[in-house]
Amino acid sequence: MTILERFLHYVSFDTRSDESTGAHPSTPGQRCLAEALAGELRELGLHRVRITEYGHLVAELPPTPGCEQAPVLGLIAHLDTAGEASGANVRPQIIERYPGGVLALGRSGKTLDPAVFPVLNRLHGHTLVTTDGTTLLGADDKAGIAEIITAVAETVAAGVPHGALRLAFTPDEEIGEGARYFDVAGFGADCAYTVDGGAAGEIEFQNFHAAEATFAVRGRSVHPGTARGVLRNAIKIAGELQALFPPEEAPEHTDGFDGFYHPVRLTGGVGEAELVVLLRDHDRARFEARREFCRAAAETLNRRYGPATVSVAVRDQYANMEEVIRRHPELIEIAEQAIREAGLEPASPPIRGGTDGAMLSFRGLPCPNLGTGGYNFHGEYEFASVQEMAACVRILRGIIAAFGKPGRHGI
């Protein structure tokens with residue numbers, strides 16, 4: 001199978017995750033895809049192909065003779081797609097040799113316009129795979145899955161010497177549970193790469209510190225006819241709380257290494273309300289200051305309306321893996337060399353989010369992230385470049401070969 005054939009097959013599986021189910025994996029489609037991939041991996045000759053009780057598909061490729069002492073390399077991608085758009089009945093459009101200009105997404109009325117998505121301006125002549133405007137595509141992260149499997153298949157077919165490989169395809173990355181139940185020790189890799197990024201040639205290792213602040217607002221509900229001096233409206237207090245956050249420090253006004261506050265949910269009524277705000281920052285000190293800001297905001301309203309009107313609980317989600325990856329510079333050096341050998345120039349943009357690799361890095365498996373050639377994830381405007389996906393395969397093959405060479409045994 002070509003990289004495009006694999007990709008089109010994988011996106012036909014509806015694997016949208018759902019944090020409300022409490023199941024592992026959270027949706028049955030993820031296990032269906034894992035089972036299909038397991039059969040494919042067995043046909044390619046991988047060993048110990050298995051699906052864990054939590055829905056992780058793992059497999060092993062033994063080292064070629066003479067490479068037994070090489071570090072064990074892991075390659076990881078995730079099975080699920082995001083909940084912001086449907087992943088059912090995906091109908092990809094294939095645009096041969098994109099000529100530039102606006103692309104209609106089926107009959108949906110939506111378009112891919114270079115004026116809105118300027119990355120299209122550098123993809124003239126590429127074969128693009130888009131949605132029909134009614135679903136997401138699934139490049140996040142089925143492009144990564146297709147690239148890993150294609151790279152391993154081509155490495156084996158070419159007889160390239162390599163060390164031991166470990167593959168893992170994880171469920172529920174999009175809801176933050178992909179790495180939580182991952183058996184790092186059982187996986188048995190010394191280091192790994194997630195393949196879950198954007199443009200081909202990117203090597204990412206600087207993600208957000210992330211937390212979720214949940215504000216509980218206690219009001220006082222009485223009949224509005226007798227409310228004077230008594231009623232305390234939790235909805236209005238929650239609105240005042242939101243107004244305390246700096247408006248310029250929001251996702252829609254930030255980029256690069258800027259952090260932000262992002263309100264994502266407001267529920268409740270007059271008597272009580274709940275506001276959930278995401279806290280993000282690349283810098284540890286600024287991240288801790290954001291925590292403190294949340295506590296101070298709650299106290300400001302408590303002074304205004306009385307003790308215990310607003311309480312806040314801050315829950316950590318993940319941390320910036322740069323703190324770990326900086327201790328393993330060889331992982332970046334190997335990837336950068338493979339990217340150059342694939343004909344691209346390496347780039348290391350900050351991740352304005354998180355990956356499974358962030359959590360795994362802090363659990364003892366250093367794990368930077370590689371690009372996939374996919375763009376506009378999590379919605380109907382998602383698309384992928386076939387040429388960039390092919391370049392990602394070349395990059396992975398280069399990394400696999402590098403780990404099998406003498407001199408890499410100190411990783």
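On a predicted model such as this, the values are computed, not experimentally measured, just so you know. (Residues numbered from 1 in each chain as written. Predicted model: local features only at pLDDT ≥ 70, side-chain atom pairs only at ≥ 80, totals over all residues. Heavy atoms only, no water.)

**Student:** Just to check I follow, could you spell out helix 8 (residues 329-341) for this structure?
**Tutor:** Given 3.6 residues per helical turn, the α-helix brings residues three or four places apart onto the same face. With 13 residues, helix 8 should reach 18 Å at 1.5 Å per residue; the first-to-last C-alpha distance of 19 Å fits that figure. Taken together, the buried residues of helix 8 touch strand 9 (191-195), strand 10 (203-204), helix 7 (322-325), strand 15 (369-370) and helix 10 (386-403). Just downstream of helix 8 lies Gly-343, where phi reads positive at about 90°. (Helix = DSSP H or I, 4+ residues; strand = E, 2+ residues; numbered from the N terminus. Expected span 1.5 Å × (residues − 1). Contact = heavy atoms within 4.5 Å.)

**Student:** Which parts of the structure should I look at to understand helix 5 (residues 234-243)?
**Tutor:** Here helix 5 has its buried residues at Ala-234, Ile-237, Ala-238 and Leu-241. Angular distribution of buried residues about the axis of helix 5 spans 100°; they occupy a single face of the element. Across from the buried face of helix 5, at angles greater than 90 degrees, the exposed residues are Lys-236 and Ala-243. (Buried < 20%, exposed > 50% of the residue type's maximum accessible area, 1.4 Å probe, protein only. Arc of directions from axis to C-beta.)

**Student:** Sorry if this is basic, but what is going on with the sheet that holds strand 17 (residues 383-385) here?
**Tutor:** To summarise the sheet geometry, strands pair through backbone hydrogen bonds and adopt either a parallel or an antiparallel arrangement. Taken in spatial order, the four strands of this open sheet run 4-7-17-16, and their pairing is antiparallel. With one partner strand each, in any of the chains shown, strand 4 (93-95) and strand 16 (374-375) form the two edges of the open sheet. Both strand 16 and strand 17 contribute to a ladder of two bridges, which runs antiparallel. Note that in strand 17 the partner of Tyr-375 across the bridge is Phe-383. Along the sheet face, helix 10 touches strand 7 (128-130), strand 16 and strand 17 and points at about 60° away from the line of strand 17. (Pairing = 2+ DSSP bridges. Axes fitted to C-alpha atoms, helices over the stretch in contact; angles between N-to-C directions.)

**Student:** Got a minute to help me understand the nonpolar core in this structure?
**Tutor:** Generally speaking, soluble globular proteins have nonpolar side chains that are buried together. Counting 61 residues, the largest nonpolar core has Phe-7, Leu-37, Leu-41, Ile-145, Phe-169, Tyr-193 and Ile-399 as the members making the most contacts within it. With nine residues, the top contributor of residues to this core is helix 10. Ignoring any residue separated from it by four or fewer positions in sequence, one finds Leu-37 in contact with Tyr-10, Leu-57, Leu-79, Ile-145, Ile-149 and Phe-169. (Core = buried A, V, L, I, M, F, W, Y, C linked by side-chain atoms within 4.5 Å.)

**Student:** It is not clear to me how the pattern of salt bridges should be interpreted in this structure. Could you clarify?
**Tutor:** For side chains of opposite charge, pairing can occur when their charged atoms come near one another. The tally for this structure, following the rule as stated, stands at 20 salt bridges. Of the charged contacts, one joins Glu-40 and Arg-6 as a salt bridge, the two residues approaching to 2.6 Å between their closest N and O atoms. Placement of the pair is Glu-40 in helix 2 (residues 28-43) and Arg-6 in helix 1 (residues 3-10), with a sequence separation of 34 residues. Assigned by exposure class, Glu-40 and Arg-6 land together as buried. Among the ionic pairs, Asp-281 bridges to Arg-286, the shortest N-O distance being 3.1 Å. The partly exposed category is assigned to Arg-286, whose relative accessible area is 42%. (Salt bridge = Lys/Arg side-chain N within 4 Å of Asp/Glu carboxyl O.)

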